[in-house]
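Structural features, examined
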Amino acid sequence: MKSSIVENPWRSFVWIILITLGIIVSLLIITRERLHLQVLEAESALLRNSFGKAMDNLFLREIDLGLSPSLDSLVVPFDTHNLLNLAALEILNFPQVQGVQAYDRNCRSLGLTTEVYPHECSEKLFLKAKKEGWAVDETEKESIRMLIHLPETKEGFFIEMQLVLKPYQESWTRIDQTLAAQGMILYLFAVALLGCVFKKMTGKIKNKEKLLWEKTELLQRANLELSQAYKTSGLGALTGHLMHSLRGYLHSLQNLVRDESEIPPEEKRHDLALITEKINDLVQNALHAIKDTEKGMITYSLSIREVFEVARDNFRKVSPQSMVLIDESPALSESVNNLQANLILAILSNLLRNSSEAKEKTTITLQCMGGDSDLSIDVWDDAGGISQDLKNRLFLPLRSNKKNGAGIGLALSKQLAESMGGDLRFIDSENSGCRFRLTLPSGG
């Protein structure tokens, strides 16, 4: 499945641009609020300095006029109310100031004559002004009430000024226009930059995806060829294995029919039924394996232990007098798929049958050893060794030392192993028995 960025690159680009626009707008809104606040903060600083300066000038003028006997008598309080009124009148000369009111440190109104509209400030506004030095109340549409704290005075006055809103709105409008222009320039620059980056990245992704699809198609073709080769080789080997196994049973059936000895008919019928049952089981198992291999589908997996147990159970039906032992090892938990399991069972079946034909009551041991890159399955018995002259031609077809043997059993087994990418070889031989090793790629 192709990625959405390659199927419709511009849709992804539009989403990126919209996200960028949202980020820029959010930053502009935050900046706008801070700049609006800075305008009022600068105004509060100007009015605070102006009011404080007016009070200082009035205080010095009273001293110069002799309203106070001497500097030593400054402990005698002046008429604070009158001083605040005079300072408020001077502040009214500012065009944006409509009215002035004063409050003491307990937030009680001092009733200045410069107040235009009587108004009560909230306790929250006083606390904010005391903490930050100023606070505004924008509850009215055409004006702003600004509360300024004067902590440098002994009384800690609060001065409330009613200001015309229009001059500040004009300043805010200029700020908004400037921010909008800068935001537009920033947005266009971001679009152009992202467009270039996105185009370059999309081109690289398309090239890499094209290369990936080419490699994927090549891999699929290779897998198909391997699957077909595996299927062809496996089917041929399984068919040969079926015919080879049937040959032995059909020969036994032929001998039974031709036998003119005085064997009771009941015993002959029993032997005939037994051989017929074995032929039926062999054909059914082989057809099932051929069907799986022909489909070439992996539908389930079996552990090596389960494969060994199936091979042991099948062998008991053929040679109940022999014994198959499974050597315990951690590698028994390794798994193979159903296709390989069928081929391994065919190989084991042939090796087990060879051992039982060499000795009537034989003991066969199955062992699995795991490695980093492969699995090894050893089959060894106590049916006697193999002569030196037979070792070099064990896997050659049409070579057999058994009576009525076709000489293709081991050759077919080796072909089955090679169809799985593995190998079957003879390891060693002793007087007591011999060992074969089936090697498979690890992990299936």
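Going by the structure above, here's the rest.
Figured I'd write up the structure that's included with this text. Throughout, residues of each chain are indexed from 1 in the direction in which the sequence is written. Given that this is a predicted model, residues contribute local features only at a pLDDT of at least 70 and side-chain atom pairs are listed and counted only at 80 or more, while totals for whole chains, interfaces and linings are drawn from all residues. Computation of side-chain values covers all heavy atoms of the structure but excludes hydrogens and water.

A closer look at the overall build of the protein
Spelled out, the test is: Secondary structure elements follow DSSP: runs of H or I no shorter than four residues count as helices, runs of E no shorter than two count as strands, and numbering proceeds from the N terminus. Relative accessibility decides the category of a residue: with a 1.4 Å probe and only protein chains considered, values under 20% of the type maximum give buried, values over 50% give exposed, and everything between is partly exposed. Any two residues whose heavy atoms approach within 4.5 Å are treated as being in contact. Residue exposure ignores everything except the shown protein chains as possible cover, and the areas themselves are Shrake-Rupley values with a 1.4 Å probe.
Helices and strands together make up the secondary structure of the protein, namely 10 helices and 11 strands. Out of the 444 residues in the protein, the part that is buried amounts to 39%. In the protein, of all internal contacts separated by at least 6 residues, the share reaching a separation of at least 24 is 66%. Of the roughly 26800 Å² that the protein leaves accessible, carbon and sulfur atoms contribute 57%.

Points about the sheet that holds strand 9 (residues 374-381)
The line we're drawing: Paired strands, in this sense, are two strands between which DSSP finds at least two bridges. Axes here refer to lines fitted to C-alpha atoms; in helices the fit is confined to the stretch in contact. Angles between the N-to-C directions go from 0 to 180 degrees.
Pairing within the open sheet is mixed, and its five strands lie in the order 6-8-9-11-10. Here the strands that pair on one side only, and so sit at the sheet edges, are strand 6 (323-326) and strand 10 (423-429). Going from strand to strand, the sheet's axes swing by 20° on average, the running direction of each strand aside. Helix 10 (residues 409-419) rests against strand 10 and strand 11 (434-441) of the sheet, and its axis sits at about 130° to strand 10.

Let's talk about the packing of aromatic side chains
Going by this rule: Centres within 6.5 Å make a pair out of two Phe, Tyr or Trp rings, where for Trp the six-membered ring is used; the pair is then stacked when the planes are under 30 degrees apart, edge-to-face when over 60, and tilted otherwise.
Here the structure, examined in full by the defined rule, presents four aromatic pairs. Ring centres 5.4 Å apart and planes at 50° place the aromatic pair phenylalanine 13 and phenylalanine 198 in the tilted group. Of this pair, phenylalanine 13 sits in helix 2 (residues 9-64) while phenylalanine 198 sits in helix 5 (residues 166-258), and the two are 185 residues apart along the sequence. Pair check on accessibility: phenylalanine 13 and phenylalanine 198 agree, each one buried. Look at phenylalanine 426 and phenylalanine 436: their rings are 5.4 Å apart centre to centre, the planes differ by 65°, and that puts the pair in the edge-to-face class.

Concerning unusual backbone geometry
Only a minority of non-glycine residues have a phi that is not negative, and only a minority of peptide bonds are not trans. Although it is not a glycine, cysteine 107 adopts a positive phi angle of roughly 65°. Mapped onto the secondary structure, cysteine 107 falls in the loop between strand 1 (97-103) and helix 4 (123-132).

Observations regarding the packing of helix 7 (residues 304-318) against helix 8 (residues 338-358)
For the record, the criterion: Under this scheme an angle from 65 to 115 degrees is roughly perpendicular, one under 35 degrees roughly parallel, and one over 145 degrees roughly antiparallel; angles in between are oblique. Handedness of a crossing follows from how the near helix is turned relative to the far one, being left-handed for an anticlockwise turn of less than a right angle and right-handed for a clockwise one. Polar here means any residue other than Ala, Val, Leu, Ile, Met, Phe, Trp, Tyr, Cys and Pro, which are nonpolar, and Asp, Glu, Lys and Arg, which are charged; Gly is therefore polar.
The geometry of helix 7 relative to helix 8 is characterised by a closest axis approach of 10 Å and an angle of 45° between their N-to-C directions. As summarised for this structure, helix 7 and helix 8 are arranged oblique, according to the angle between their axes. Considering only the axes of helix 7 and helix 8, their crossing is right-handed. For the pair helix 7 and helix 8, contact is made by Val307, Phe308, Val310, Ala311 and Phe315 and by Ala341, Ile344, Leu345, Leu348, Leu352, Arg353 and Ser356, respectively. In the contact of helix 7 with helix 8, the residues fall into 10 nonpolar, one polar and one charged.

Some thoughts on the nonpolar core
Here is the rule: Residues belong to a common nonpolar core when they are buried Ala, Val, Leu, Ile, Met, Phe, Trp, Tyr or Cys residues joined through side-chain atoms within 4.5 Å.
In this structure, Phe308, Ile344, Leu348, Ile377 and Phe436 are the most contacted members of the largest nonpolar core, which totals 39 residues. Residue contacts for isoleucine 344: discarding those within four places in its chain leaves Val307, Val336, Ile377, Met420, Leu438 and Leu440. In terms of nonpolar packing, the next biggest core, distinct from the first, is built from 31 residues, Val100, Val136, Ile144 and Ile175 among them.

So, the pairing of strand 6
Regular strands place their side chains on alternate faces of the sheet. Residues Val324 and Ile326 line the buried face of strand 6, whereas the alternating positions Met323 and Leu325 sit on a face that is not buried. With four bridges connecting them, strand 6 and strand 8 (residues 363-370) associate as parallel partners. Residue pairing for strand 8: leucine 325 is matched across the bridge by threonine 365.

Let's talk about helix 7
Going by this rule: Multiply 1.5 Å by the residue count of a helix minus one, and that product is the helix's expected span. As used here, the arc belongs to the directions running from the helix axis to the C-beta atoms.
Over its 15 residues, helix 7 extends 21 Å from the first C-alpha to the last, a length consistent with the 21 Å expected when each residue adds 1.5 Å. Where helix 7 is concerned, the buried positions are Ile304, Val307, Phe308, Ala311, Arg312 and Phe315. The arc enclosing the buried residues of helix 7, seen along the axis, measures out at 135°, which places them on a common side. Where helix 7 is buried, its residues contact strand 5 (301-303), strand 6, strand 7 (335-337), helix 8, strand 8 and strand 9.

Re the packing of helix 8 against helix 10
As a packed pair, helix 8 and helix 10 sit with axes 9 Å apart at the nearest point and diverge in direction by 155°. On the basis of their axis angle, the class for helix 8 and helix 10 is roughly antiparallel. For the element pair helix 8 and helix 10, the recorded crossing hand is left-handed. Side by side, helix 8 and helix 10 meet where Leu343, Ala346, Ile347, Asn350, Leu351 and Asn354 of the first sit next to Gly409, Leu410, Ser413, Leu416, Ala417 and Ser419 of the second. Here the contact of helix 8 with helix 10 is built from residues that sort into seven nonpolar, five polar and no charged.

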